[in-house]
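Here is what each chain is made of, one letter per residue.
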Protein chains: 2
Amino acid sequence: MVRKAQIVLSENLQGGKGTLEMHRILQPEELNGHGRLYSMVKMPPHSSIGVHKHIGETEPYYILSGHGTFIDNDGSRIPVGPDDVCLIECGQSHGFENDSDEELTMMALIYNE
Amino acid sequence: MVRKAQIVLSENLQGGKGTLEMHRILQPEELNGHGRLYSMVKMPPHSSIGVHKHIGETEPYYILSGHGTFIDNDGSRIPVGPDDVCLIECGQSHGFENDSDEELTMMALIYNE
């Protein structure tokens, strides 16, 4: 079966800036209890995802296009670009900034410990 | 922590044609037992993934760029393009063809029933 991803606008995600376009590939229940989010995320220039914690789960980001800054659990700011994988351990925190003048796209997957 | 995806070449995947470039975002053990593959897949023109069955698991494809043909469990051939989600149920079969003259990129996630 083929369908389009469901596009959902997300404003000020986790206290971040701007409006992100979330392309929901799977609905939470379709992950069969293994996780709760699988989306492609479009971040306009100068938008961000605020720092937030993942208790009992983790969320790798995978950069598809564009450049931005990953905020790691220890607060360090790491410049990232295409094909970079941004990892945290379960229970840790992260955030993300598109501090560039171009759109950034990434994959986000939230799955359980 | 930030790292590059691990690029692995895959020839004649599931009996398909050509050489695919798999960008492994997570190693199997990093999926914490919930699944076994999370990759971005680059398919050159006229390459394919042969029809294969997923017992006890499923594998949605999500098209990032390019155009191709999804082969569904019932053998039907469905033209797909960017933002299309190709779903099968656990235990079903699927395949994929990039029958175009352009590269196609997609996300592949294999997770358990």
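Here we summarise the structure given alongside this text. Because the structure is predicted, anything quoted here is derived from the model rather than measured.

1. Some details on the interface of chain A and chain B
Inference 1: Every contact between the two is made by 34 residues of chain A and, on the other side, 34 residues of chain B.
Inference 2: Between chain A and chain B, the buried area comes to about 3,000 Å², and carbon and sulfur atoms account for 59% of it.
Inference 3: Contact with chain B buries area across many residues of chain A, yet Met1(A), Val2(A) and His34(A) alone supply 19% of it, more than any other trio.
Inference 4: At the junction of chain A with chain B, the criterion picks out 2 salt bridges.
Inference 5: A salt bridge links Asp84(B) to Lys4(A), with the shortest nitrogen-to-oxygen separation between them at 3.2 Å.
Inference 6: Here chain A is connected to chain B by 23 residue pairs in polar contact (both at pLDDT 80 or more).
Inference 7: Looking at the side of chain A that touches chain B, the elements with two or more residues in it are β1 (2-4), β3 (19-26), β4 (35-43), β7 (61-65), β9 (77-80), β10 (84-86) and β12 (104-112) of chain A.
Inference 8: Looking at the side of chain A that touches chain B, the element that brings in the most residues is β12(A), giving 4 residues.
Inference 9: For the side of chain A that touches chain B, the per-class residue count stands at 23 nonpolar, 4 polar and 7 charged.

2. Some words on the nonpolar core
Inference 1: In this structure, Tyr38(A), Met107(A), Tyr38(B), Tyr62(B) and Met107(B) are the most contacted members of the largest nonpolar core, which totals 25 residues.
Inference 2: When residues no more than four places from it in sequence are discounted, the contact partners of Met107(B) are Tyr38(A), Leu64(A), Met107(A), Ile25(B), Tyr38(B), Ser39(B), Met40(B), Pro60(B), Tyr61(B), Tyr62(B) and Leu64(B).

3. Some details on the relation of the copies chain A and chain B
Inference 1: Its rotation angle being 180°, the transformation that places chain A on chain B also includes 0.0 Å of axial translation and leaves an RMSD of 0.0 Å. Taken together, the rotation and translation relating the two chain copies correspond to the operation of a two-fold axis. Measuring from the rotation axis to each C-alpha of chain A, the shortest distance belongs to His34(A), at 2.9 Å.
Inference 2: A share of 100% of the interface residues of chain A reappears at the interface of chain B, consistent with the copies meeting face to face through the same patch.

4. As for the sheet that holds strand β11 (residues 93-97) of chain A
All names here are of chain A.
Inference 1: Taken in spatial order, the 4 strands make up an open sheet running β5-β11-β8-β9, and their pairing is antiparallel. Taken across any chain shown, the strands that pair with only one partner, and hence form the sheet edges, are β5 (48-53) and β9. Direction aside, neighbouring strands of the sheet carry axes that sit 20° apart on average.

5. Digging into the sheet that holds strand β11 (residues 93-97) of chain B
Within a sheet, adjacent strands bond to each other through the backbone by hydrogen bonds, running parallel or antiparallel.
Residue and element names in this part refer to chain B.
Inference 1: On the basis of which strands lie adjacent, the open sheet formed by 4 strands has the order β5-β11-β8-β9 and antiparallel pairing. If you trace the sheet from one side to the other, it starts and ends with β5 (48-53) and β9 (77-80), each paired once. Each adjacent strand pair in this sheet contributes to an overall mean axis angle of 20°, direction not counted.
Inference 2: Sheet topology places β5 next to β11; 4 bridges connect them, and they run antiparallel. When the bridges of β11 are listed, Lys53 appears paired with Ser93.

6. Examining unusual backbone geometry
Inference 1: Its identity as a non-glycine residue notwithstanding, Gln14(A) has a phi of 55°, on the positive side.
Inference 2: Residue placement: Gln14(A) occurs in the loop between β2 (6-11) and β3.
Inference 3: Overall, the relative accessible area of 46% leaves Gln14(A) in the partly exposed class.
Inference 4: Positioned with a positive phi, Asn12(B) is a non-glycine residue whose angle comes to about 50°.
Inference 5: The topology assignment puts Asn12(B) in the loop between β2 (6-11) and β3 (19-26).
Inference 6: Given the relative accessible area of 43%, Asn12(B) is considered partly exposed.

Conventions used here
Residues numbered from 1 in each chain as written. Chains lettered and ligands numbered in written order. Predicted model: local features only at pLDDT ≥ 70, side-chain atom pairs only at ≥ 80, totals over all residues. Heavy atoms only, no water. Contact = heavy atoms within 4.5 Å. Buried area = accessible area lost by both parts, 1.4 Å probe. Salt bridge = Lys/Arg side-chain N within 4 Å of Asp/Glu carboxyl O. Polar contact = N/O pair within 3.5 Å; in protein donor to acceptor, adjacent residues only side chain to side chain. Helix = DSSP H or I, 4+ residues; strand = E, 2+ residues; numbered from the N terminus. Nonpolar A, V, L, I, M, F, W, Y, C, P; charged D, E, K, R; others polar. Core = buried A, V, L, I, M, F, W, Y, C linked by side-chain atoms within 4.5 Å. Buried < 20%, exposed > 50% of the residue type's maximum accessible area, 1.4 Å probe, protein only. Least-squares fit on C-alpha atoms with pLDDT ≥ 70 in both. Pairing = 2+ DSSP bridges. Axes fitted to C-alpha atoms, helices over the stretch in contact; angles between N-to-C directions.

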